[in-house]
Amino acid sequence: MGDVAICVENLGKQYRIGQRKRYNALRDALSEAVYTPFRWLSQFVNGQSAISNEQSNGIIWALKDVSFEVKRGEVVGIIGPNGAGKSTLLKILARITEPTEGYADIYGKVGSLLEVGIGFHSELTGKENIYLSGAILGMKKAEIDRRFDEIVAFSEVERFLDTPVKHYSSGMYVRLAFAVAAHLEPEILIVDEVLAVGDAAFQKKCLGKMGDVAREGRTVLFVSHSMAAITRLCERAILIKEGRILEDGPSHRVVSLYLSSGIGTTAERIWPDRNKSPQGEIVRLYAVRVRSEEGHIIDAVDIRQPLRVEMEYEVLKAGYALMPHFAFYNEEGVLAFVSHDLDPAWRRRPRPKGLYVSTVWIPGNLLSEGMFFVHAGLDTIDPVIPQFDECDAVAFQVIDNFDGDSARADYAGDMGGIVRPMLKWTTQSRLNEFKVGDL
Amino acid sequence: MYNERFFDTKDSKEAVTLGMLPPLTIRPSRGWVSLRLKDLWEYRELLYFLVWRDMKVRYKQTVLGVTWAILQPFMTMVVFSIFFGKLAKVPSDGIPYPIFVYCALLPWQLFANALTASGNSLVSNQGLITKVYFPRLVIPISVVLAGLVDFGISLLVLLGMMFYYGIVPTTAVLVLPFIILFAIATALAVGLWLSALNVKYRDVHYTIPFLTQFWLFVTPVAYPSSLVPEAWRILYGLNPMAGVVEGFRWALLGKAGGVGMLMTVSVLAVTILLFGGLLYFRRMERTFADIV
């Protein structure tokens, strides 16, 4: 078998804006049919070209001139801002929609996972939904039979298998849905932002499962907004913007290009909508920001300068002691450290309702150079009730210039490492007549 | 980790030519396309599961449950028997009017329900259509097949009525499965057109109830087709449900004169309608996900 899994050539997808309307009425089509000849006539008389007519009709290219190739066993991340055409690309490769031009050759059985819980029916039980959803995702019944126990174990809902899923909590629902999807065994797996669901522990489990899939040598195309997930899972990433490929290469390079170009995750995230912000019953997250020592919002910091990261949150229910924390991941997805709030002002004290800002100060010369992704979390203590755990809430870049006064000293190459502290060095010398061990 | 060879296209072009399996090529399709019924066969298990789902959830959260499958044709039969049979004295080819009308109501309701369900099927399954690939034909076919359960249940009532009226079916009953198949084909033929049109024009959704009501009157359910003048019989057969209903009566009750001509015309009409529906459906299929 050849070693190419997917070969995409000049793929393009055109939408007429009108096509995206919720629905057309027959009336429109009829009036269109009546008027079209007249329009042609007027165009002919006025000498207008058909092209200008196209433009006035609002034609947009969701994808244009996209070409790339994926080898067998490669795990490729696709990143880009919202509306860049990532999902359109996946939908074409998953055969849900047709391209307008170009072609894609696919070598092997494709499984696509564009949403968690496709085909779930709320009236059916967990067990019935495993079969239904499995069949819809392209599994054979024998295959589902064989993997049934595995799926159930992964989902952690054994006890509720005979309960209609409409009585499930949203967490259980998502776990079951993902469990089915995770046990698909296609040669090529196409995954859209499906990991952005469920609680943090389950997300971790899903990421682990994705990692397993990749290690088994299957080809994976993976769209995500989580740069940490992309760098952790994919060796290669493709950056798409406005329907075109902007960059294609090693994922850490593409990710940092994406982030530094200011089209990706930012140094400030605000959730103005009460209903959409990460939240628990007691606290909701309002904003996360990266600031310089002086208080400016910054997305890049000199390695020698301190910076601070703050979370602004609203206490909805009084009477709980809270423990905000941040976790810092580098662009390979490695956890650098976690830090908990230990400011005595509110530590272990029940808080009244209101808005709070908790800030962590990170000294200069601590983090290594590169991108860092900040996860913002908050639990109550005593009892511990997790409130939110927002992955990749903000990101910032640490820059190490060659000024000679950082831990880099006079070395200009790639140093690696998660931290790059300035440590004390001493070099003693005895220049005349020495013996080893004298110092 | 990352390997420079990813961009070595020369290498991979060779691999493509050496590859053993022909690739699946995704490209814009132009003009009329093939029916790809083989593709449909590969997804037969999905078809099975969708039929199974529709059957499972059909009477969920109802008090009467599956009794509805009997109640609907039964109550209609009672009303028709009183008003058309007793009061209007509509002839019934010498068969007791209640069983005459009930026998026609079964294939009619199979058809009407399948038509309504399949006409709306793509729109009500848009969550699937926009998120996962499978031959879209599976959807209207599955809802039509799911309707067979209701049909089967009400058929049992019919057998009870035949026993009550002492009607013994002749050998013509052997044709019954084909007549049922014919009823399904008719519903599917119309359902394919409507479901594909409904994706783009939601007017269809509002047309369907009117259409089935209108269609009931031009179908010999409450009256025998023998009321239609001989000269118009062939034209009347262009309504395939005329053939289905009369064929059904003939197969079970054995007493309907001159069904042959009517049936032939109806079968022809359905064949054309079904084939056209399949082609139209396949042609529209490529844009379903974009406009549904």
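Definitions and limits used
Here the residue index of a chain counts from 1 through its sequence in written order. Both sets of labels track the order of writing: A upward for chains, 1 upward for ligands. Note on the predicted model: pLDDT of at least 70 is required for a residue's local features to be given, and 80 or more for side-chain atom pairs to be given and counted; whole-chain, interface and lining totals, by contrast, use all residues. Under the DSSP-based scheme used, a helix requires at least four consecutive residues in state H or I and a strand at least two consecutive residues in state E, with every element numbered from the N terminus. Once C-beta atoms are placed from the backbone, each residue is buried if 20 or more other C-beta atoms lie within 10 Å of its own, exposed if 12 or fewer, and partly exposed for counts between those two. The pLDDT value expresses, per residue, how confident the predictor is, ranging between 0 and 100. By this definition, two strands are paired if DSSP reports at least two bridges between them. Only the contacting stretch of a helix is used when fitting its axis, a line to C-alpha atoms as for every element, and angles between N-to-C directions run 0 to 180 degrees. As used here, a nonpolar core is made of buried Ala, Val, Leu, Ile, Met, Phe, Trp, Tyr and Cys residues. They are joined through C-beta atoms within 7 Å. Throughout, a residue-residue contact means that the two C-beta atoms, derived from backbone geometry, are no farther apart than 7 Å. Between 65 and 115 degrees an angle is taken as roughly perpendicular, under 35 as roughly parallel, over 145 as roughly antiparallel, and anywhere else as oblique. For any helix crossing, the convention is left-handed if the near helix is rotated counterclockwise from the far helix by under a right angle, and right-handed if that rotation is clockwise. Following the grouping adopted for this structure description, the nonpolar residues are Ala, Val, Leu, Ile, Met, Phe, Trp, Tyr, Cys and Pro, the charged ones are Asp, Glu, Lys and Arg, and the polar ones are all others, Gly among them.

Enquirer: Is there a simple way to think about the overall build of chain B in this case?
Expert: In terms of helices and strands, chain B carries 13 helices and 1 strand. Scanning chain B from its N terminus toward the C terminus, one meets helices and strands in the order α-β-α-α-α-α-α-α-α-α-α-α-α-α. Viewed in the frame of its principal axes, chain B has a C-alpha envelope of about 85 × 50 × 40 Å. Relative to its full complement of 292 residues, chain B shows a buried share of 42%.

Enquirer: Help me understand the confidence of the model for chain B, please; the structure alone is not making it clear to me.
Expert: The predicted coordinates ought not to be read in detail in places where the model reports low pLDDT. Taken over all residues, the pLDDT of chain B has a mean of 85, while the share at 70 or more is 90%. Predicted complex metrics record ipTM = 0.82 and pTM = 0.71.

Enquirer: It is not clear to me how the sheet that holds strand β1 (residues 24–26) of chain B should be interpreted in this structure. Could you clarify?
Expert: To summarise the sheet geometry, strands pair through backbone hydrogen bonds and adopt either a parallel or an antiparallel arrangement. Spatially, 4 strands are ordered β2(A)-β1(A)-β4(A)-β1(B) in an open sheet, and the strand pairing comes out antiparallel. Bordering the open sheet on either side are β2 (59–71) of chain A together with β1 of chain B, each of which pairs with just one other strand. Sheet twist, expressed as the average angle between the axes of neighbouring strands with direction ignored, equals 20 degrees. Bridge count for strand β1 (residues 4–16) of chain A against strand β4 (residues 101–106) of chain A is 5 bridges, and the pairing is antiparallel.

Enquirer: Explanation requested: the sheet that holds strand β14 (residues 321–330) of chain A in the structure shown.
Expert: Residue and element names in this part refer to chain A. What the 5 strands build is an open sheet, ordered β12-β18-β17-β14-β15; its pairing is mixed. Only two strands of the sheet have a single neighbouring strand rather than two, namely β12 (300–302) and β15 (335–340). Taking each pair of neighbouring strands and ignoring which way they run, the sheet shows an average axis angle of 30 degrees. The sheet contact formed by β14 and β15 spans 5 bridges and is antiparallel. Its bridge partner being in β15, F328 is matched across the sheet by F337.

Enquirer: Where do I start with the nonpolar core in this structure?
Expert: Nonpolar side chains in soluble globular proteins tend to end up buried together. Core analysis: the largest hydrophobic core is formed by 191 residues, its most contacted members being L93, I190, L221, F222, F372 and V374 of chain A together with F111 of chain B. At 16 residues, helix α5 (residues 97–124) of chain B tops the list of elements feeding residues into this core. For L221 of chain A, the residues in contact, after removing those within four places along its chain, are V70, V76, I78, L90, L93, I190 and V191 of chain A.

Enquirer: What am I meant to see in the environment of P306 of chain A here?
Expert: If you trace the backbone, P306 of chain A turns up in the loop between β12 and β13 (307–315). Contacts of P306 of chain A, omitting those with residues within four sequence positions, involve E293, W361, I362, P363 and G364 of chain A.

Enquirer: What am I meant to see in the packing of helix α9 (residues 176–200) of chain B against helix α12 (residues 240–253) of chain B here?
Expert: All names here are of chain B. Packing of α9 against α12 brings their axes to within 9 Å, and their N-to-C directions diverge by 160 degrees. Judged on the interaxial angle alone, α12 and α9 are roughly antiparallel. Classified by chirality, the crossing of α12 by α9 is left-handed. Of α12, the residues touching α9 (which contributes L176, I179, F182, A183 and T186) are P240, M241, V244, G247, F248, A251 and L252. Residues that form the contact of α9 with α12 fall into these classes: 10 nonpolar, 2 polar and no charged.

Enquirer: Even after reading the chapter, I still don't get the packing of α9 of chain B against helix α10 (residues 203–217) of chain B, so can you show me in this structure?
Expert: Two packed helices can be described by the angle between their axes and the distance between those axes. All names here are of chain B. In the contact formed by α9 and α10, the axes pass within 7 Å of each other and the chain directions differ by 145 degrees. Only V204, H205 and I208 of α10 make contact with α9, whose side of the interface consists of L194, L197 and N198. When grouped by side-chain class, the residues that make up the contact of α9 with α10 number 4 nonpolar, 2 polar and no charged.

Enquirer: What is the right way to read the environment of F182 of chain B from this model?
Expert: Residue and element names in this part refer to chain B. Topologically, F182 is positioned in helix α9. A tally of 22 C-beta atoms within 10 Å means that F182 is categorised as buried. Between the C-alpha atoms of F182 and G243, which are 61 residues apart in sequence, the distance is 9.1 Å.

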